[in-house]
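# Residue-level structural notes
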Amino acid sequence: MDIKALLSRMTLEEKVGQLVQSNAGQFIRNDLEITGPDGETVPAEELNRVVGSVLTFEDAAQAKALQDQHMAADRNRIPLLLMLDVIHGLRTTYPIPLAMGCSFDDALTAECAEIARREASACGVHVTFNPMVDTARDARWGRILETYSEEPLLNCRMGAAIVRTTQGQNLADPENVACCVKHYAAYGAPEGGRDYNTVELSERLLREAYLPAYKACLDAGARLIMPSFNALNGIPSVANPWLMNRVLRGEWGFDGVVISDYNAVMELVPHGVAESLRDAVRKAMEAGCDIDMVSNAYYRHLADLVREGTVPEAVLDAAVLRVLQLKNDLGLFENPYHGASEEREREVYLCPAHREVARRAAEESAVLLKNEGILPLSRELKRIALIGPFAEETRLNGFWSRPGAERYTVTLPEGIRALLPEAELILERGCGAELGDLDRSGLDRAAAAAARADAVILTLGEPENDSGEGRSRAELTLPGVQQELAERVIAANPRTAVVLFNGRPLVLTALEKIAPALLEMWYPGTEAGNALARLLWGEANPCGKLSAGLPRAVGQLPMPYNRMNTGRPKPGPDDQAVPFTSCYLDTPNLPLYSFGYGLSYTRFVYESLTLDRDRMSKEDTLRVTVTLRNDGDRAGKEVVQLYLRDLAASVVRPVQQLIDYQKVMLEPGERKEVHFEVTEKQLRFWNFDCEYVSEPGTFELSCGWADHLLETKRFTLD
Ligand code: GLC
């Protein structure tokens, strides 16, 4: 399609329409008068005739109906863009992104993105609002579940892998889907950990820790980006000229589509940076926001602003051309349905191959936090008590799973019975219908059930809807009577394994004191029961490592693992306060469990870390070899992590910074050398003048995991 010729034929209202996005629901109910944010209404039929895209639809049949309805009404027959949040699976749900980060497995993450791409394209999705790669260091923020890690490196690698897999080589291939990376920028650093709250960051820290992952996804080819709801250093992202023009379009040269978040253009008014909706439209357009997601602000005011010359028509035309280019690259002018196919939906949704990937992902993202000889359970144990609020739960998919995902979840009893048909299961919920209520009436029955059993699986956590968008919490302990339930059950039967289902790092300090075994499952998705049964009985060996540290107390937050040393680091053991040093009087400094930590059913011993030189120039490559061995009696995977410390620089540098990782399998008794290459680029950082540089000096390299660095070696950069 010659999109410039097409543009020349379009009226002003039709051009504006390409920058308007409606909800599919509103669109279908054509008779609906859509009330704008200040009570004004717009004629739905007129809006639907010119609208350029819709979001949140159900399936291929609806996708085709939406397209047919629009194309019949659109004079220019410009196809709609159909967009949807496919964050961790469409019908086959795999683990939440924070759990995927614990797999430390970019290839597995790509396999998961592949099954999501196949199902989303069959559903008729043209654009997915994925990946979300906001760095998050504060578990009070409910959307931490949606990102891959507190460490930008994981978000960079996993986000880029998702973009490459989802978009494929050619977007016109009906089985490929365009990616919209989000939320630009630093949405994960709100004051107080409270969603949508303001963000204040130095440019240096913003560039160091928050911008890299968006850039990595754009470098991988993401065709859209979504500015975040929050104000960043005083200006909401969607109208932030520094963020959008200076960095995104200027420094990074991004020429794809910018789409606002939900209503975010209208929200410039309550933010207090726009006196009216007209003013909000002007500011968003000046900042280069192409599509207005559902606020109708562009629909109602943009044409007038262009007619009066406030917004140059050239600015409008440039935005419209970016949207038309995306539609052209997706091949929509030739094939408006793209990949929508009821037949393919039947073929790929929940197919065995997709379930296998989802199950493996659930196994490899689980983190074994503690195990005092309880796990794996023996097949000889016949009577198993399955206790707690998640014992028969199906809502194990997470806030951003598609509606109805719970219909397809394999529950824990189903998983156990599939693995151990002869097991006798005793089921007891042990607490009230609502996880947060203080109903203690089930505690006695739960303790009695535990006492009767050969072993107990105690399932605890937070409700699926207590994390995700708009779900920030100021306290992070287990809701309701769960701690008391754990005390009663473990007292009744010490052979108890506690399994956790939650979307954010929780404060488990009290639970950790009494639990003989702790397995963090996060929200594992469709194959939850099968994966968990295999992990509990040792068919799968846990290998997950924490992608975000678990705090001892909410008062420690935000608590980045890559912390600075300060001028008064606390000496001695972490559990003793030392006055006039950087510490708390009532709580240790370190997390309960640190970033990069996770146990296995076998034992890995790190024997050495060696460098091929102790000096390097900027042109050199430093070769690092980590030697480890499997000291146990079963095979297992280990994530070998490489940490860097810059001992002195022009700005303070972290005491530990993950710069690389590799996941390796070791057979019992096997010794393995894992090789890393370190270049000058990995030594760079943003200095005081916001230049991305490396500086000569002394560095340390270590293996192990955060706060537990083993085998440290020094080298100098000339
Ligand atoms: C939501 C979220 C965003 C999502 C969008 C469309 O408010 O902030 O992540 O993609 O709206 O559902």
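Since the model is a prediction, treat every value here as computed from it, not as a measurement.

### Comments concerning the side chain of E345
For E345, the location among the structural elements is in helix α16 (residues 342-348). It turns out E345 is buried and unbridged, and the closest side chain with the opposite charge, R91, is 6.2 Å from it. Sequence-distant contacts of E345, that is, excluding residues within four places in its chain, are made with D59, A60, A122 and C123.

### Points about the nonpolar core
Generally speaking, a soluble globular protein has its nonpolar side chains buried in company with each other. Grouped together as the largest cluster of nonpolar side chains are 134 residues, with contacts concentrated most on Y184, Y298 and L302. Examining the composition of this core, we find that 8 residues originate from one element, helix α7 (residues 106-123), more than from any other. Taken together, domain 1 (3-344) and domain 3 (602-717) each give at least three residues to this core, which thus spans both. In this structure, L386, L500, L518 and A533 belong to the second largest nonpolar core, which totals 87 residues.

### Considerations on the pattern of salt bridges
Pairing between side chains of opposite charge can happen when their charged atoms approach one another. Evaluation of the coordinates by the stated rule reveals 59 salt bridges. Across the pair E372 and K370 runs a salt bridge, and its minimum N-O distance is 3.9 Å. Looking at E372, the relative accessible area reads 55%, which means it is exposed. For the salt bridge of D612 with R613, the shortest nitrogen-to-oxygen distance reads 3.3 Å. Residue classification places D612 among the partly exposed positions, given a relative accessible area of 39%. Connected through shared salt-bridge partners, D85, R143, E146, K182 and E469 make up one network.

### Digging into unusual backbone geometry
Note the cis peptide between K182 and H183, where omega equals -5 degrees. A cis amide bond, omega -5 degrees, links L557 with the succeeding residue P558. Mapped onto the fold, P558 is located in the loop between α22 (528-536) and β19 (604-611). Of note in this structure, N263 is not a glycine but carries a positive phi near 70 degrees. Position of N263 relative to the elements: it lies in the loop between β11 (257-258) and α12 (268-271). Phi is positive for D707, close to 70 degrees, though the residue is something other than glycine. Mapped onto the fold, D707 is located in the loop between β27 (697-705) and β28 (708-717).

### Re the sheet that holds strand β1 (residues 20-23)
Spatial ordering of the open sheet is given by β11-β8-β7-β6-β5-β4-β1-β12, a layout of 8 strands whose pairing is parallel. Strands at the two margins of the open sheet, each flanked by one partner only, are β11 and β12 (292-293). As judged from the 2 bridges shared by β1 and β12, these two strands associate in the parallel manner. By the bridge assignment, V20 is partnered in β12 with D292. Each of β6 (127-128) and β7 (178-184) is contacted by helix α8 (residues 152-167), which is oriented at about 155 degrees to β7, the strand it contacts most. On top of the sheet, helix α10 (residues 212-219) reaches β7 and β8 (224-227); it is set at about 165 degrees to β7, its chief contact.

### Here's the deal with the domain arrangement of the protein chain
Domain annotation of the protein chain identifies domain 1 (3-344), domain 2 (362-554) and domain 3 (602-717). The centre of domain 2, based on its C-alpha atoms, is set 34 Å off from the matching centre of domain 3. Contact with domain 2, which involves 6 residues of that partner, is made by 9 residues of domain 3. Taken together, both faces of the contact between domain 2 and domain 3 bury some 610 Å²; the carbon and sulfur share is 38%. For the salt bridge of E364 with K663, the shortest nitrogen-to-oxygen distance reads 2.6 Å. A breakdown of the residues in the side of domain 2 that touches domain 3 according to their chemical character gives 2 nonpolar, 2 polar and 2 charged.

### Side note on the site of the ligand
The immediate surroundings of the ligand are formed by 13 residues, with D85, R143, K182, H183 and D261 found nearest. The separation between an oxygen atom of the ligand and a polar side-chain atom of D85 is 2.5 Å. Burial of the ligand by the surrounding chains reaches 93%, relative to a free accessible area of 310 Å². Residue composition of the shell around the ligand, by class: 7 nonpolar, 1 polar and 5 charged.

### Details of the packing of helix α17 (residues 352-365) against α22
Here α17 crosses α22 at 45 degrees, and the two axes come no closer than 8 Å. On the basis of their axis angle, the class for α17 and α22 is oblique. In this structure, α17 meets α22 at a crossing whose hand is right-handed. Only N530, A531, R534 and L535 of α22 make contact with α17, whose side of the interface consists of R359, A362 and E363. Residue composition of the contact of α17 with α22, grouped by class: 3 nonpolar, 1 polar and 3 charged.

### Here's the deal with the environment of V238
Tracing the sequence through the fold places V238 in the loop between β10 (235-236) and α11 (241-251). Along the backbone, V238 and A449 are 211 residues apart, and their C-alpha atoms lie at a distance of 55 Å. Ignoring sequence-local partners within four residues, the contact set of V238 consists of P227, S228, M244, S260, A264, V265, L268, A284, A287 and C289.

### Details of the environment of V294
Counting through the fold element by element, V294 comes out in the loop between β12 and α14 (297-307). Residue class for V294 comes out buried when judged on its relative accessible area of 9%. Taking the C-alpha atoms as reference points, V294 and A264, separated by 30 residues in sequence, lie 8.8 Å from one another. With residues near it in sequence (within four places) discarded, V294 still touches Q21, S22, N23, L55, Y262 and N263.

### Focus on helix α9 (residues 203-210)
For α9, the full list of buried residues reads R204, L206, R207, A209 and Y210. As for α9, its buried residues are in contact with α8, α10, β9 (231-232), α11 and β25 (685-686).

### Some details on the pairing of β1
Judged by which residues are buried, β1 turns out to be covered on both faces: V20 and S22 on one side and Q21 and N23 on the other are all buried. With 3 bridges connecting them, β1 and strand β4 (residues 53-55) associate as parallel partners. The residue bridging Q21 from the neighbouring strand is S53, located in β4.

### What to know about the packing of aromatic side chains
Applying the stated criterion across every chain, the model contains 15 aromatic pairs. Judged by centre distance (5.3 Å) and plane angle (85 degrees), the rings of F104 and Y661 are edge-to-face. Here F104, found in the loop between α6 (97-103) and α7, pairs with Y661, found in strand β23 (residues 657-666); they are 557 residues apart in sequence, far enough to count as distant. For F104, a relative accessible area of 2% gives the class buried. Using a relative accessible area of 5% as the deciding quantity, one classes Y661 as buried. Relative to W252, the ring of Y184 lies with its centre 5.7 Å away and its plane at 55 degrees, an arrangement referred to as tilted.

What counts, and where the lines are drawn
Residues numbered from 1 in each chain as written. Predicted model: local features only at pLDDT ≥ 70, side-chain atom pairs only at ≥ 80, totals over all residues. Heavy atoms only, no water. Helix = DSSP H or I, 4+ residues; strand = E, 2+ residues; numbered from the N terminus. Buried < 20%, exposed > 50% of the residue type's maximum accessible area, 1.4 Å probe, protein only. Lys, Arg positive; Asp, Glu negative; His and termini not counted. Salt bridge = Lys/Arg side-chain N within 4 Å of Asp/Glu carboxyl O. Contact = heavy atoms within 4.5 Å. Core = buried A, V, L, I, M, F, W, Y, C linked by side-chain atoms within 4.5 Å. Domains from an automatic or database assignment. Pairing = 2+ DSSP bridges. Axes fitted to C-alpha atoms, helices over the stretch in contact; angles between N-to-C directions. Buried area = accessible area lost by both parts, 1.4 Å probe. Nonpolar A, V, L, I, M, F, W, Y, C, P; charged D, E, K, R; others polar. Near = heavy atom within 4 Å. Polar contact = N/O pair within 3.5 Å; in protein donor to acceptor, adjacent residues only side chain to side chain. Areas by Shrake-Rupley, 256 points an atom, 1.4 Å probe, with all protein chains shown as cover. Parallel < 35°, antiparallel > 145°, perpendicular 65-115°, else oblique. Left-handed = near helix turned anticlockwise from the far one by under 90°. Phe/Tyr/Trp six-rings, centres within 6.5 Å; stacked < 30°, edge-to-face > 60°.

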